[in-house]
Amino acid sequence: MSHDHGHAAIKLEYQPALPIGRGKLCLWLFLSTEIMFFAGLIATYIVLRFGSPPESWPLPHDVHLQEYVGAFNTFVLICSSVTIVLALEAARSNHAGLAKGWMMLTFVLGSVFLGVKAYEYNEKFKHGIFPSKPHSLLYEKADLYYVQAVRLNLAPRSTALSAEVGDLTAKREPLVAKIERGQALSDQERQELENVNRRLLPYDLLTDLVQWTELKAAKAPDTVERRKALEMMAVAIYPRRPIGKEGEELEHEYVAALHRDADAVKRDLAALEKQRSVVEAERAEPQRMQAELQMKIDLLNAELKKLEAPPMTTAQSAPPGVNFISLQHPAENPAQPTANPRIEAIKMEVAALEAQVLPIQASLNLINERVAPITNEIKRHQGRLRLLPTLEQAKHGLNHEFPELRLPMVIPSGNMWASTYFLLTGFHAIHVLVGLIAFVLVLLYKLDRTKAHILENTGLYWHFVDLVWIFLFPLLYLF
Amino acid sequence: MADPKSPLDPRFPGHGYDPLEPVDGHGDDAHGHGDSHGHGGVGKYVLVFIALCVLTAISFAVGNSQTLRENSPGAMWAMMMAVSCAKAMLVILFFMHMLWEANWKYVLTIPASMMSIFLLLMLVPDIGRRTNRYAEERWLYAAEPYSNSHAIAAEAAKTHDHNHAGPTDKAGHEPAAGHK
């Protein structure tokens, strides 16, 4: 090629497009794509968060988001940015050992960030906040679907108790009756009551919370009352109160509402018991009549027995119609012809009296049928009254007191929040992880001046990760 | 040392290496460019670090201030956004070294900024207006304002007014309606 038909060999000189190394150029191109990626995600978050129905976005406290943990993470990431820049400086000055030290520190700080993130995620998962169903226990609204979800959660637990329910309720009855009479319980009794209540909790909640709410929601005469019942249940399970003074006020209002509920239940209970006693009063007359008739029947039966009592001779053991024996021994059975019609008469009277008893028995049965539903209602109201102290004690919600139950909870816009939060922080955490892997690979080198450009590019990537977090932190935690 | 033959080697003459990047065989950087490599740089980085911490603290304080949140959340958001942008600029300019880079930085940053700003502008008409076109049925299942559930639950068990005056939430709206 050096002799080219007269042409001088064209010497091509390599002109860089941009006066930076290939690695750096490619990394910057990659970073601009990443900028677009995260800009898109962050913009999505902004649109969704400010587009949710007004005032419905969950507060950080509701979704177990702790701002100071996020602030600590921000600080950790800022520190790691500084350390990686110092590593670059050390490498450029050919201090390989120092550079390695700074890089290890950066790696440690990045791991701390991921560890704290894992702790945060665990807090959410512990409380049933997941990115999506089926693990997520979040519901947008306290409606019938929510009540159904709570029922579906409690029903299997209650069924599992079904073998013991009888025994445990029997154990509980006398203790509860003692309290209702106003007597004090001994420590041992109180402990036992607590244990029984704890074991029976799913069963109690199913009857006195879920079923009570369902019946109120279905049958209350007033639509507002139906709505209230659903909201009361949601608030009982997971209150969603802001922290601070406003939250305390709301707590007092809730306790007052529980007391008002208790009073209403007591009033209804009194009315029901009155109703039952009215119906029971109707028993008196028929029962008296039945008793009278029964007395007469018993007297007649006794007489009958006496008449039929004399020892049976061969003569009297014969069927009454046959009188051939009387022909032979007329002296032995002079009473028989006279006893027979008497027995007949008694028997007819008894039959007549028993016929009279039948309709009375029927009316008594009718009264039983009328009383039974009232008794059921009374039992329901009593159960509800027994639950209300538990609800009052669980002021931070049943979900907080009994987390093992994993009860579904109502957090408006909660599912939207969870999706966006986990998406944004998840993608960021993946980028952090990739950064950590890069650090491990870089740490395998001797970080002297010849490797400084690798360190520079790694540093650029890590600074970008920090940059994204700088925007994510206020957006997710503070907005 | 002889010049390397391969144009792919970063030490090939005329190869587009970063003039600020130290190359083996040369002494310490003698390049000017007003860069602050070497011993003065660490001090600058520490200053930037302190500035970042202070800005984070400001952002945290603003975000947690209840008075701002109640009175003018818009101002609170604007302040936090401004702080975030300031922190971002500090990281980009100093940690990512852009302050001292040559004009090629504009080739990268300007198109990226244009695209980001365009994205933002395209979404501005949607911010805060998503619920404007909700159908009635959609409202039935939509999330409700915070205060509603508290008001409703607090009113529960109170004897209901038979004139159906009904409970109202804190803002004075009927709880059954979802519009605000």
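Our subject is the structure that appears above.
So, here is what we can say about the structure in this document. Computed from a predicted model, the values in this text were never measured in an experiment. Residue positions within a chain follow its written sequence, with the count starting from 1. Starting at A for chains and at 1 for ligands, labels are handed out in the order in which the entities are written. For a predicted model such as this one, the threshold for reporting local features is a pLDDT of at least 70, and the threshold for listing and counting side-chain atom pairs is 80 or more; totals across whole chains, interfaces and linings nevertheless cover every residue. Only heavy atoms go into the side-chain values, all of them from the structure, while hydrogens and water stay out.

1. Some remarks on the pattern of salt bridges
Residue and element names in this part refer to chain A. Counted only if it meets this: The term salt bridge refers to a pairing of a side-chain nitrogen on Lys or Arg with a carboxyl oxygen on Asp or Glu at a separation within 4 Å. In this description a helix means any DSSP run of H or I spanning at least four residues, a strand means any run of E spanning at least two, and both kinds are numbered starting from the N terminus. Throughout this description, buried means an accessible area under 20% of the type-specific maximum (1.4 Å probe, protein chains only), exposed means over 50%, and partly exposed covers the range between.
For the coordinates displayed, the defined rule picks out 22 salt bridges over all chains. For the salt bridge of Glu456 with Arg92, the shortest nitrogen-to-oxygen distance reads 3.5 Å. With a gap of 364 residues between them, Glu456 in helix H15 (residues 452-478) and Arg92 in helix H2 (residues 67-92) connect regions that are remote in the sequence. Here the two residues Glu456 and Arg92 agree in accessibility, since each one is buried. The shortest N-O distance in the salt bridge between Arg283 and Glu280 comes to 2.9 Å. When its relative accessible area of 15% is taken as the criterion, Arg283 is described as buried. Judged by relative accessible area, Glu280 falls into the partly exposed class, the value being 32%.

2. Things to note about the packing of aromatic side chains
Applicable threshold: Stacked, tilted and edge-to-face are the three classes assigned to paired rings of Phe, Tyr and Trp, where Trp is represented by its six-membered ring and a pair needs centres within 6.5 Å; plane angles under 30 degrees give stacked, over 60 edge-to-face, the rest tilted. Only Lys NZ and Arg CZ are tested; either one counts as a charge over a ring when it is within 6 Å of the ring centre and within 35 degrees of the ring normal.
Going through the model one piece at a time under the given rule, you end up with 24 aromatic pairs over all chains. Consider the rings of A:Phe75 and B:Phe49, whose centres lie 6.1 Å apart with planes at 45°: the pair is tilted. Taken together, the positions of A:Phe75 in helix H2 and B:Phe49 in helix H1 (residues 39-64) put the pair across two chains. Their ring planes at 5° and their centres at 4.7 Å tell us that A:Phe125 and A:Phe130 sit as a pair that is stacked. Judged by relative accessible area, A:Phe130 falls into the buried class, the value being 17%. One aromatic cluster in this structure is built from A:Tyr121, A:Phe125, A:Phe130, A:Trp417, A:Tyr421 and A:Phe422. Here A:Arg49 stacks its cationic end above the ring of A:Phe50, 4.7 Å away from the centre of that ring. Sitting over the face of the ring of A:Tyr139, A:Lys133 holds its NZ or CZ atom 4.4 Å from the ring centroid.

3. A closer look at unusual backbone geometry
For the bond running from A:Lys133 to A:Pro134, omega is 5°, close enough to zero to count as cis. Counting through the fold element by element, A:Pro134 comes out in the loop between helix H3 (96-126) and strand S1 (138-139). Unusually for a residue other than glycine, A:His64 sits at a positive phi of about 55°. Here A:His64 is to be found in the loop between helix H1 (22-51) and H2. Assessed through its relative accessible area of 18%, A:His64 is described here as buried. With a phi close to 70°, B:His97 is a non-glycine residue in the positive phi region.

4. Structural notes on the interface of chain A and chain B
A common way to report how large an interface is uses the accessible area buried once the components associate. Applied cut-off: In this description, contact between two residues means that some pair of their heavy atoms is separated by no more than 4.5 Å. Using a 1.4 Å probe, buried area is obtained as the accessible area two parts lose upon being combined, added over both of them. Here a polar contact means two N or O atoms within 3.5 Å. Within protein one must be a hydrogen donor candidate and the other an acceptor candidate, and residues neighboring in sequence count only if both atoms are side-chain atoms. Three classes are used: nonpolar for Ala, Val, Leu, Ile, Met, Phe, Trp, Tyr, Cys and Pro, charged for Asp, Glu, Lys and Arg, and polar for all others, with Gly counted as polar.
Taken together, the 84 residues of chain A in the interface contact 80 residues of chain B. At the boundary of chain A with chain B, total buried surface from both sides reaches about 7,400 Å², with 69% on carbon and sulfur atoms. Linking chain A to chain B there are 3 salt bridges. A salt bridge links A:Lys141 to B:Glu144; its shortest N-O distance comes to 3.9 Å. For the pair chain A and chain B, the number of links is 6 residue pairs in polar contact (both at pLDDT 80 or more). Counting residues per element, the ones that place at least two in the side of chain A that touches chain B are H1, H2, helix H8 (223-237), helix H9 (245-281) and H15 of chain A. The element that contributes the greatest number of residues to the side of chain A that touches chain B is H1(A), accounting for 17 residues. Partitioning the side of chain A that touches chain B into residue classes produces 47 nonpolar, 12 polar and 25 charged.

5. Focus on empty space enclosed by the protein
It is the rolling of a water-molecule-sized probe over the atoms that shows where space remains empty. What counts, and what does not: The distinction between a cavity and a pocket rests on a 1 Å grid over the protein atoms alone: a 1.4 Å probe fits inside a cavity but cannot get out, while a pocket stays open yet meets protein on both sides within 12 Å along at least five of seven lines, and a residue with an atom within 4 Å of a point counts as lining. Grid points are joined across faces, edges and corners, and a volume is the space filled by probe spheres set on the points.
Scanning the entire structure with this criterion turns up 6 cavities of 30 Å³ or more. The volume enclosed by the largest cavity comes to roughly 120 Å³. As for the largest cavity, its lining consists of 15 residues, of which A:Glu231, A:Arg240, A:Val410, A:Pro412 and B:Ser149 are closest to the centre. Secondary-structure elements contributing two or more residues to the lining of the largest cavity are H8 of chain A together with helix H6 (146-155) of chain B. Ranked by the residues each element gives to the lining of the largest cavity, the list is headed by H8(A), at 3 residues. Partitioning the lining of the largest cavity into residue classes produces 8 nonpolar, 2 polar and 5 charged. Of the voids in this model, the second largest cavity is the one considered here, and its volume is about 90 Å³. Lining the second largest cavity are 13 residues, with A:Leu88, A:Glu456, A:His463, B:Phe95 and B:His97 sitting closest to its centre. The dominant element in the lining of the second largest cavity, judged by the number of residues it contributes, is H15(A), at 5 residues.

6. With respect to a nonpolar patch on the surface
So the rule is basically this: To count toward a patch, a residue needs a relative accessible area over 30% and no salt bridge; like charges are then connected within 9 Å, while nonpolar side chains (Val, Leu, Ile, Met, Phe, Trp, Tyr) are connected within 5 Å. Only the protein chains shown count as cover for residues, with accessible areas throughout obtained via the Shrake-Rupley method and a probe of 1.4 Å.
A cluster of nonpolar side chains, B:Ile117, B:Phe118, B:Leu121, B:Met122, B:Val124 and B:Ile127, forms an exposed patch at the surface whose accessible area comes to about 580 Å². Topologically, B:Ile117 is positioned in helix H4 (residues 104-123).

7. Observations regarding the nonpolar core
All names here are of chain A. Note the threshold: To qualify as a nonpolar core, a set must consist of buried Ala, Val, Leu, Ile, Met, Phe, Trp, Tyr and Cys residues joined through side-chain atoms within 4.5 Å.
Of all hydrophobic cores here, the largest spans 127 residues; its most connected members are Met103, Ile237, Leu391, Leu398 and Leu455. By residue number, the principal contributor to this core is H15, which donates 17 residues. If you look at the next biggest cluster of nonpolar residues, it comprises 10 residues, including Leu304, Ile346, Val350 and Leu353.

Remember that the coordinates give geometry; whether it matters functionally is a separate question.
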